[in-house]
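# Observations on chain architecture
Single-letter residue listing:
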Amino acid sequence: MLFNQAIEIDESLNDDVMRLSLSGERVRYSLRLKPADVAAAKKSSGLKLPAKIGGTSIAAGQTILCLGPQEWLIVALPKSREKLAGTMAKLSADYICSAVEVSHRNLQFTVTGPGAARALNAACPLDLSVDAFPVGKGTRTIFEGAPIVLWRTAEHEFTVEVWRSFAPYLRDFLAKTAKDRHMA
Amino acid sequence: MSAFRKPGRGAVNTAVSVNFTFDGKKYTGVKGDTLASALIANGVHLMGRSFKYHRPRGPVGAGSEEPNALVVVDRGTGRESVNLRATSVEIFDGMVARSQNSFPNLKFDIGAFNNTFSLFFPAGFYNKTFMWPKSFWDKVYEPFIRNMAGLGPAPTAVDPDSYASSYGHCEVLIVGGGPAGIAAALQAAKSGERVILVDERVKIGGSLIDAPNCEIDGKPAADWLAAAVKTLGKAANVTVMNRTTAIGYYHDNFVALNQRLTDHIANPKDGAPREETHRIRAGKVILAQGAIERPLVFNGNDVPGVMLAGAGQTFLNRYGVAVGHEVAVFTSHDSAYQAAFDLADANIRIPVIIDVRDDIRADLRAEAERRGIDIAAGQVVSKTSGKLRITGLEIYDPQSGAKRTVKCDALLMSGGWTPSLHLWSHSKGGIKWDADMAAYVPDVANENAVCAGACNGDFGIAAALTGGNKAAGGRKSYSVTERDFGTGVTLDSLPNYIKDTKQKAFVDFQNDVTEKDIKLAVREGFKSIEHVKRYTTNGMATDQGKTSNLNALQIASKAVDKPVEKVGLTTFRPPYTPTTFAALIGHCEGKLFDVKRVTPIDPWARERGAVYEPVGNWMRARYFPQEGEDMHAAVRRECVATRESLGIFDASTLGKIEVVGPDAAKFMNLIYSNPWSSLKVGGCRYGLMLNEAGFIYDDGVVGRMAEDRFHVTTTTGGAPRVFRHMEDYLQTEFTDLDVWLTSATEQWSVIALNGPNARKLIEPFVDGIDLSPESFGHMQVRTGKICGVETRLFRVSFSGELGFEINVPSHFGRAVWETLFEAGQPYDITPYGTETMHVLRAEKGFIIVGQDTDGTVTPHDAGLSWAVSKKKKDFVGRRSLKRSDLVAQGRKQLVGLLPEDDSVLLEEGAQIVADPNQALPMTMLGHVTSSYYSDALGRPIAMALVADGFNLNDQTLYVPMPGKTHAVKVTGTAFYDPKGERLNVV
């Protein structure tokens, strides 16, 4: 079956100041655990679950964000699908927890370039300066009308996860900021 | 160069001419002029007509506080901006500006007959006069008042410009780029923290430009300013934003800034954003907004050419324009002398300074003498002459009774200064009355904010600089050589020999409120300033009373004989100055107005020419018209095809929530009215959700995927609130449960197949699920594969036909849909939209929450008592269901209606009565909630909420509709296949 994220990105969103790119297929889980089980679950699963809300663990092929109290979003490359499914099944068997696959719920974009933070700030109310939102910080937030998950992977590089149906809105919003920039 | 231009003065570039038109007449100004300064340089003071009396008016101020000189700037279709203050509008080459509120022209305005009869237009005139006869209000009075009262024509064309909005953050936000703001910025810059300095004008400088005759740290003010601008420009951590107004100050130091980007440019790039709204979260806010000069309230104070002393000084020093050749001064405050001296030093004749005070400061007296300026101490202006421009004035000495006239072509007035508390008050900062200054000043802060300079009541350049520096944490004391700013007096009322009723002493210039209007309001019993304001409309114009509020307060306070602070102060509200709606909208117009959510299958439907309807934020295909079909025809075809063979429907928008945890069933029992413990894994159940009040809140089918896992579906529009409702209870009431909620709406694309051939179609594509009716019955769910991808396959039906809802991961949704659609051709598979879905479910009597319920319908009312557990000890809404009003007889209940005339389609929302011949107003029994033509039944059907409906079965009721009243028979709601046999087709 054709894997179809059904979104195109206009060339105007691709310049030296800001570039929006769509990531390919990802495997995603929303994981919830009881506070008392976190340490043991981390150990037995090998998942590097960040302890603090806003924390991330970014490794090759797998990013884990702590979005809320005992709530993690795991985003991995498709090659870890089986392994991750096994890990989740084992966690579910061993602990009181909730592991829900949400691979197809989101689309993932990267926003890069020296104008990335400014472009995101057109619609995201967070302070995205490096001091306030350093590399490695990630959070659930809003992008004007769209809920998003945002994390920073480099000074000029952000990753945005957005529910599928909100993606065109996010893209169009960023396109408007790019257009304004080109016009100003 | 015109006679009023003063070469060598002002921060304008006289070498660059700027041509523009005002009311069709060509004028030339210079680069840096405002419309007001350019017109005054051309000898023109008359710029507008007042709101109520249509009196000729010229600028009173020189900045954004201007109440009078409101103009239209026309940049072409959709780009007409009205109610702009000529004192803030920067001119550009080719600008087209017009006066407003005048017909046929500014010099002869027909509406001015109001002025002639102004005796008959006192405060409250409209309220008193246009009361009778009542029928005249809509047709005569209101249109007349609206027509007369319009402040500028409302635009009708679409604004073609683009606007922007953004969020920003800083440690220190400084509002106002005068000496206080600049000193604060210089100090704050040293910390390395992010500093934003905003100023509404073209450049920062404030009074250092308007009144530059001082030395700071041994340097002329202009040099000091240039150095400061350079320093701030070089500091990487400082952002200076000109042409930017802080329009509102909200909770937690959240300040809205409106930046004007292109209005000053002759030919902006097409598509360049015109304005940007910056929403700034600041660690600390320093308000350095300055003060606004107060007019004196005297007879004839609104003739063009009468303006604030500080404005006259600004026109000279900032724009190099003399406001007249012979400029008289009328004051109750020392500061006006500075204006007089500045003008005199620019070779403008000052015939007289009239000062209401007897004692004049010796140094001012000496300086006036040195310049040969006559001072009339202890005297007042009793009237002015001139209609379209002041030509002279009468000086009256209340002690001797003597009167004399003086010729002039401009009159500067000063009634003292009012610190600008606007933003401070937005932030809920406290204020206190300063009797010496006769003004309110900041008291205790409510946010991390501080006021500096004149807005804090600290007048003069030295005080502003030192205050600004201190506000930013500095301890610097500036050494400034300046004339002492001085003090003034406030009089409740200026003495005059002319009777009150014969005077026209304006308080609020924009709304034409006079001193006697305020006194009248008090006489008529309005004691609070808030009431006086609303009765007289003082301070209610677009300038929010910037120049009038304090004067009105003084007059009212005297009239009620109470101290000012007991009379109250009206509320300051955002925006600080009038702001375009487009700026408030920012990016969020057109396709960014709101999120339009679409499903993975949407592009396919779009290609097939589907017609859409919005459901919540979703855009859903409503029907798929074929050539020549209207909605009615398309829906009939889709219904028939589905019942006869096979329909395919995109149900992806249904809300989905995964409820997981060992206490999942317990939670479901609490949040839904029906029982869940007995539901086996692999089973589905209709779930009914009530709110705390016992009314139907949402519904949907729920599948039990595992002992500890439920796949919950909700209505499309209800998904966000149902999720919140569940999470709310989980976090606040059922905190002991081990269960978690995850939104899975967009994880799954849902393809609904309905019709007798549904099973035949999917059989070849399904792996790992036995589809036979024996092992996979109605209301069951299985997991397996379809078309090679994972599926949660529900056997459910919202149509009454054999039905499946195929959940597949979203990114495969379209491909699976297309595969099934292709394979369905032998069955004439027919895509259908929400309208057909509505008809099919109505034929079965299935409700739609929000259509057949309205938030006041209980399960029993809707005929859903079966979905309320009798055994469960608790669930949300359970206790409310026992309330006496919810168990009372005669409640509105959901019934079916069959029109006797089967060619009639009842209107949804139509009222229902028992006897169409009863007297008006009739007793209405209820209303039609759903109404469709049913091909399956060969007749129209309807559902309705009717009082005591369950006891009216088979009775005839009546539905009055436009043109005719229709008889209807009351029935049950299960119109079609009431036994449900069609579900079991093999």
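Calculation rules
- Residues numbered from 1 in each chain as written.
- Chains lettered and ligands numbered in written order.
- Predicted model: local features only at pLDDT ≥ 70, side-chain atom pairs only at ≥ 80, totals over all residues.
- Helix = DSSP H or I, 4+ residues; strand = E, 2+ residues; numbered from the N terminus.
- Buried ≥ 20, exposed ≤ 12 C-beta atoms within 10 Å, placed from the backbone.
- Contact = placed C-beta atoms within 7 Å.
- Rg over C-alpha atoms; globule rule 2.2 N^0.38 Å.
- Axes fitted to C-alpha atoms, helices over the stretch in contact; angles between N-to-C directions.
- Parallel < 35°, antiparallel > 145°, perpendicular 65-115°, else oblique.
- Left-handed = near helix turned anticlockwise from the far one by under 90°.
- Nonpolar A, V, L, I, M, F, W, Y, C, P; charged D, E, K, R; others polar.
- Pairing = 2+ DSSP bridges.
- Domains from an automatic or database assignment.
- Core = buried A, V, L, I, M, F, W, Y, C linked by C-beta atoms within 7 Å.
- Expected span 1.5 Å × (residues − 1).
- pLDDT = per-residue confidence, 0-100.

Further remarks concern the overall build of chain B. Along its length, chain B carries 25 helices and 51 strands. Considering only C-alpha atoms, chain B reaches an extent of 115 × 70 × 55 Å along its principal axes. Burial status across chain B gives 54% buried among its 986 residues. Here the contacts in chain B between residues at least 6 apart in sequence split such that 66% fall between residues at least 24 apart.

Of regular secondary structure, chain A possesses 4 helices and 10 strands. If you list the helices and strands of chain A from N to C, you get β-β-α-β-β-β-α-β-β-α-β-β-β-α. At 17 Å, chain A has a C-alpha radius of gyration in line with the 16 Å of a compact globule built from 184 residues. When its C-alpha atoms are laid out on the principal axes, chain A stretches across 55 × 45 × 30 Å. Residues classed as buried in chain A amount to 42% of the 184 residues present. Contacts in chain A between residues at least 24 apart in sequence constitute 59% of all its contacts with a sequence separation of at least 6.

Below, the discussion takes up the packing of helix α13 (residues 515-523) of chain B against helix α15 (residues 549-560) of chain B. All names here are of chain B. With their axes 9 Å apart at the nearest point, α13 and α15 run at an angle of 40° to one another. In terms of their interaxial angle, α13 and α15 are classed as oblique. Note that α13 runs across α15; the crossing there is right-handed. Facing E515, I518, K519 and V522 of α13, the residues of α15 in contact are A552, I555, A556, A559 and V560. Each residue belonging to the contact of α13 with α15 can be placed in one class, and the counts come to 7 nonpolar, no polar and 2 charged.

Residues and elements named next belong to chain B. The 3 strands lie next to each other as β11-β10-β29, forming an open sheet whose pairing is antiparallel. The open sheet has two edge strands, β11 (219-220) and β29 (480-481), and neither has a second partner. Relative to β29, strand β10 (residues 215-216) is paired through 2 bridges, and the arrangement is antiparallel. Following the sheet pairing, I216 is matched in β29 by V480.

If you look at the interface, chain A gives 37 residues, while chain B gives 43 residues. Of all elements in the fold, only β2 (27-33), β6 (97-101) and α4 (167-183) of chain A reach the threshold of two or more residues within the side of chain A that touches chain B. Element by element, the count of residues in the side of chain A that touches chain B is highest for α4(A), at 7 residues. Tallied by class, residues from the side of chain A that touches chain B come to 17 nonpolar, 10 polar and 10 charged.

Our next topic: unusual backbone geometry. All names here are of chain B. Of note, the amide linkage connecting P574 to P575 takes the cis form, showing an omega dihedral of 0°. If you trace the backbone, P575 turns up in the loop between α16 (564-567) and α17 (581-585). Here the phi dihedral of K428 falls at roughly 65°; this positive angle occurs in a residue that is not glycine. Turning to its location among the elements, K428 is positioned in the loop between α11 (422-426) and β26 (431-434).

For the rest of this paragraph, the subject is the domain arrangement of chain A. Residues and elements named next belong to chain A. Annotation of chain A at the domain level lists domain 1 (10-24 + 105-184) and domain 2 (26-102). Each of domain 1 and domain 2 has a C-alpha centre, and the two are 24 Å apart. On the domain 2 side, the residues contacting the 13 residues of domain 1 number 10 residues. At the level of elements, β7 (106-112), β8 (138-143) and β9 (146-154) are the ones that each hand at least two residues to the side of domain 1 that touches domain 2. Broken down by class, the residue content of the side of domain 1 that touches domain 2 amounts to 2 nonpolar, 7 polar and 4 charged.

Turning our attention to the sheet that holds strand β24 (residues 410-414) of chain B. Residue and element names in this part refer to chain B. The strand order across the open sheet built from 5 strands is β17-β24-β18-β19-β20, with neighbouring strands paired in parallel fashion. Strands at the two margins of the open sheet, each flanked by one partner only, are β17 (306-308) and β20 (374-377). Here the average twist between neighbouring strands, direction ignored, is 20°. The pairing of strand β18 (residues 327-331) with strand β19 (residues 352-355) spans 3 bridges and is parallel. Bridging from a neighbouring strand, V329 pairs with I353 of β19.

Let's shift gears to the nonpolar core. Residue and element names in this part refer to chain B. With 165 residues, the main nonpolar core has I174, A184, A185, I286, V329, A340 and L412 as its most contacted residues. In terms of residue count, helix α5 (residues 179-189) provides more of this core than any other element does, 8 residues in total. Residues from two domains meet in this core; each of domain 1 (13-125) and domain 2 (497-562) gives at least three. The residues touching L412, leaving out its near neighbours within four places in the chain, are M307, L308, A309, G312, V327, V329, A336 and A339. In this structure, I751, L864, I912 and Y932 belong to the second largest nonpolar core, which totals 157 residues.

All right, on to the environment of R201(B) then. Residues and elements named next belong to chain B. Inspection of the secondary structure assignment puts R201 in the loop between β9 (195-198) and α6 (207-210). Looking at R201, the number of C-beta atoms within 10 Å reads 22, which means it is buried. Distance in space between the C-alpha atoms of R201 and E90 is 9.6 Å, their sequence separation being 111 residues.

Moving on: the pairing of strand β14 (residues 254-260) of chain B. Residue and element names in this part refer to chain B. Where strand β13 (residues 244-250) and β14 come together, 6 bridges link them in antiparallel fashion. In the strand pairing of β14, A246 is matched with L257. Linking β13 to β14, which pair antiparallel, is a turn of 3 residues; within it D252 sits at a positive phi near 55°. Examined bridge by bridge, β14 and strand β15 (residues 273-287) share 7 bridges and lie antiparallel to one another. Its bridge partner lying in β15, V255 is registered against I280.

Further remarks concern the environment of D161(B). All names here are of chain B. When you line up the elements, D161 lands in the loop between α4 (136-149) and β8 (162-175). Taking the C-alpha atoms as reference points, D161 and K31, separated by 130 residues in sequence, lie 25 Å from one another. Apart from the residues lying within four places of it in its own chain, the contact partners of D161 are R79, R274 and A582.

Turning our attention to helix α24 (residues 834-844) of chain B. Residues and elements named next belong to chain B. A large share of α24 lies buried, amounting to 9 of its 11 residues. Every buried residue of α24 is listed here: T834, E835, T836, M837, V839, L840, A842, E843 and K844. For α24, the secondary structure elements touched by its buried residues are β32 (611-615), β33 (618-623), α19 (631-644), β34 (647-650), β48 (926-934) and β49 (939-947). Phi turns positive one or two residues past the end of α24, at G845, with a value near 80°.

Our focus in this paragraph is the pairing of β48(B). All names here are of chain B. Two strands pair when backbone bridges link them, and strand β47 (residues 911-912) and β48 are joined in this way by 2 bridges, in the antiparallel orientation. Bridging across to β48, I912 finds its partner in G926. As consecutive antiparallel partners, β48 and β49 are separated by 4 residues, and within that stretch G938 has a phi angle of approximately 70°, a positive value.

What follows is about the packing of α19(B) against α24(B). Residues and elements named next belong to chain B. Direction vectors running N to C along α19 and α24 enclose 60°, while the axes themselves pass 9 Å from each other. Taken together, α19 and α24 sit at an angle that is classed as oblique. Every pair of crossing elements has a handedness; the one defined by α19 and α24 is right-handed. Every residue of α24 that contacts α19 at M631, V635, E638, C639 and T642 is listed here: E835, T836, V839 and L840.

Before going further, it helps to spend a moment on α4(A). Along its 17 residues, α4(A) runs 24 Å from first to last C-alpha, staying within 8% of the 24 Å computed at 1.5 Å per residue. A167(A), P168(A), Y169(A), L170(A), R171(A), F173(A), L174(A), K176(A), T177(A), A178(A) and D180(A) are the residues of α4(A) that are buried.

Before going further, it helps to spend a moment on the environment of V946(B). Residue and element names in this part refer to chain B. Mapped onto the elements of the fold, V946 is located in strand β49. According to the C-beta neighbour criterion, V946 is buried, with 27 such atoms within 10 Å. Sequence separation between V946 and V913 is 33 residues, and the spatial gap between their C-alpha atoms is 9.2 Å. Ignoring any residue separated from it by four or fewer positions in sequence, one finds V946 in contact with K892, Q893, V895, I912, L925, G926, L952, L957 and V970.

When the pLDDT values of chain B are averaged, the result is 94; 95% of them are 70 or greater. Per the prediction output, this complex has pTM 0.93; the corresponding ipTM is 0.98.

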